[in-house]
Every structure is written in C-alpha cells, then in structure tokens.
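Listed below are the residues making up each chain.
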Amino acid sequence: VVTSGTQTPFLKKSIGMAMLPIAMATPGTEFTIDVRGRQVTARVVPELPEALHGVVYTIGTSSRRGPVHQEQDLFPRQMAQEVLRRINTGDVALLFGTEDNGLSREELLACDAVVQIPASSDYPTLNLSHAVAICLYEIFGAVVGERPNRPPREGMPDDPADGALMGRLMDK
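Quantities reported herein were computed from a predicted structural model and do not represent experimental measurements.

**Things to note about the overall build of the protein chain**
The helix and strand tally for the protein chain stands at five helices and six strands. The helix and strand sequence of the protein chain, counted from the amino end, reads β-β-α-β-β-α-β-α-β-α-α. Pairs at least 24 apart in sequence give 63% of the contacts found in the protein chain among residues at least 6 apart.

**Observations concerning the nonpolar core**
Formed by 13 residues in total, the largest nonpolar core has its most connected members in I59, M79, V83, A113, V115, C135 and I139. Looking at this core, the elements that each hand over two or more residues are β3 (55-61), α2 (76-86), β6 (113-115) and α4 (128-144). At four residues, α4 tops the list of elements feeding residues into this core. When residues no more than four places from it in sequence are discounted, the contact partners of C135 are T61, M79, L94, F96, V115 and I117. By size, the runner-up hydrophobic cluster in this structure holds seven residues, among which are L52, L95, L108 and C111.

**Side note on the environment of E107**
Within the fold, E107 resides in helix α3 (residues 105-109). With relative accessibility at 28%, the residue E107 sits in the partly exposed group. Residues E107 and L48 lie 59 residues apart in sequence; the distance between their C-alpha atoms is 7.7 Å. A distance of 2.7 Å separates a polar side-chain atom of E107 from the backbone nitrogen of S104.

**Things to note about the side chain of Q116**
Here Q116 lies in the loop between β6 and α4. Of note is the side chain of Q116, whose polar atom sits 3.3 Å from the backbone oxygen of S63.

**Observations concerning the sheet that holds β3**
Taking strand neighbours across the sheet as the criterion, the four strands line up as β4-β6-β3-β5 in an open arrangement whose pairing is parallel. At either margin of the open sheet sits one strand with a lone partner, and together these are β4 (73-74) and β5 (91-95).

**Here's the deal with the confidence of the model for the protein chain**
On average, residues of the protein chain score 77 in pLDDT, and 68% of them reach the 70 mark or higher. For the protein chain, helix α5 (residues 163-171) is the element with the lowest average pLDDT, namely 64, and α2 is the one with the highest, namely 93. Long-range and interchain partners of residues 1-11, a stretch whose pLDDT sits below 50, account for 33 contacts in this model, where long-range means more than four residues apart.

Calculation rules
Starting afresh in each chain, residues are numbered from 1 along the sequence in its written order. Restriction of local features to residues with pLDDT of at least 70 applies here, the model being predicted, together with a cutoff of 80 or more for giving and counting side-chain atom pairs; totals for whole chains, interfaces and linings are based on all residues. Hydrogens and water are ignored here; the side-chain numbers use all heavy atoms of the structure. Counting from the N terminus, the helices are DSSP H or I runs at least four residues long and the strands are E runs at least two residues long. Contact between two residues is taken to exist if any of their heavy atoms lie within 4.5 Å; hydrogens are not considered. Among the buried residues, those of types Ala, Val, Leu, Ile, Met, Phe, Trp, Tyr and Cys that are joined through side-chain atoms within 4.5 Å form a nonpolar core. Exposed residues in this analysis have more than 50% of their type's maximum accessible area, buried residues have under 20%, and partly exposed residues fall in between, with area computed by a 1.4 Å probe over protein chains only. Side-chain atoms alone can form a polar contact between residues adjacent in sequence; in general such a contact is a pair of N or O atoms within 3.5 Å, and within protein one must be able to donate a hydrogen while the other accepts it. Pairing between two strands requires that DSSP report at least two bridges joining them. A residue's pLDDT is the confidence the predictor assigns to it, expressed on a 0 to 100 scale.

Here you go:
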C-alpha cells in the first residue's frame, strides 16, 4: 500500500492511499508517486530493514501484545497522536502483516510501538483493509482535528447523532 497522496486508479483523485499492483511488487521495481503535487520516486525493497532505513519511528499492528521492549501498546487514537507528534522529525512507518499470520515476532521487534485495534474476543483479528482504514482514519483525524472545518450540508444537522437517534436508525 502506498499512502503518500497517491491517486487512486479508479477515482483519479488523491485520497492518500492506493494499492500497488502485484506486477509492480517485485523487489527493485521503481515507480513514481504524486505527493501533494510533487513527483517522488519509490522503490520496492526485499527486506524490512531496507524499507525502514531512515525512518525515525515505526509502529506495527498486531492483535497480540508487542514484545517487551516497546514502552506500551497503543490504541489507534493514541497511535495517531504519536504519529502526529513525531512526523516533523522524519518519516514514520506503519507496518501491517498478512491477514493469515500478521507480523512476525522479528518484525514486531523492529517496531518502536505496537497498535492494537480492539475487536471481539470471538474473532480478535481484523481484515487487513479494515485495519489499514482504521489506522489511516485516526491519523487523518489527528492531523485535521476532531471535526474537519467545513460547513454542514444543507438540511443536515450540525451535531452528530445522539444515542436515541442511533437507536431509531438501527431499528429500521
């Protein structure tokens, strides 16, 4: 996943996240991404240490607790605040594992922190796309603030739905 303002192939708009086609995922492949109107060259690397070269802070995602060297396990909102706090000092990396096994212990040991997304104890592991979306949503919220500065849509209330309204919507 490329997450630096890349245009989506379908929308042709920059939404900050796009998938790298599997044909381009061969180590050594270079491609250009648009980061806020600036063309930046990226390269697929074969090993994690090379990918993390120059990164100032690395956060792994896992349904398991992080290895003992991490200061603490973070919830998504805490992770976003940590990203916001560190992003001005250099690149911050978010690591996501495969859906079947997640990140390995070795990969988690390369992380400065581990984010855990709360889920049901019956099925504590989220779909990868959902985990990515939750983390990026929280980072977006940390960057723009709790409520984006935009006028309410015509006919829509300015305040979020309260519990009673949510109950009525769920009953329909």
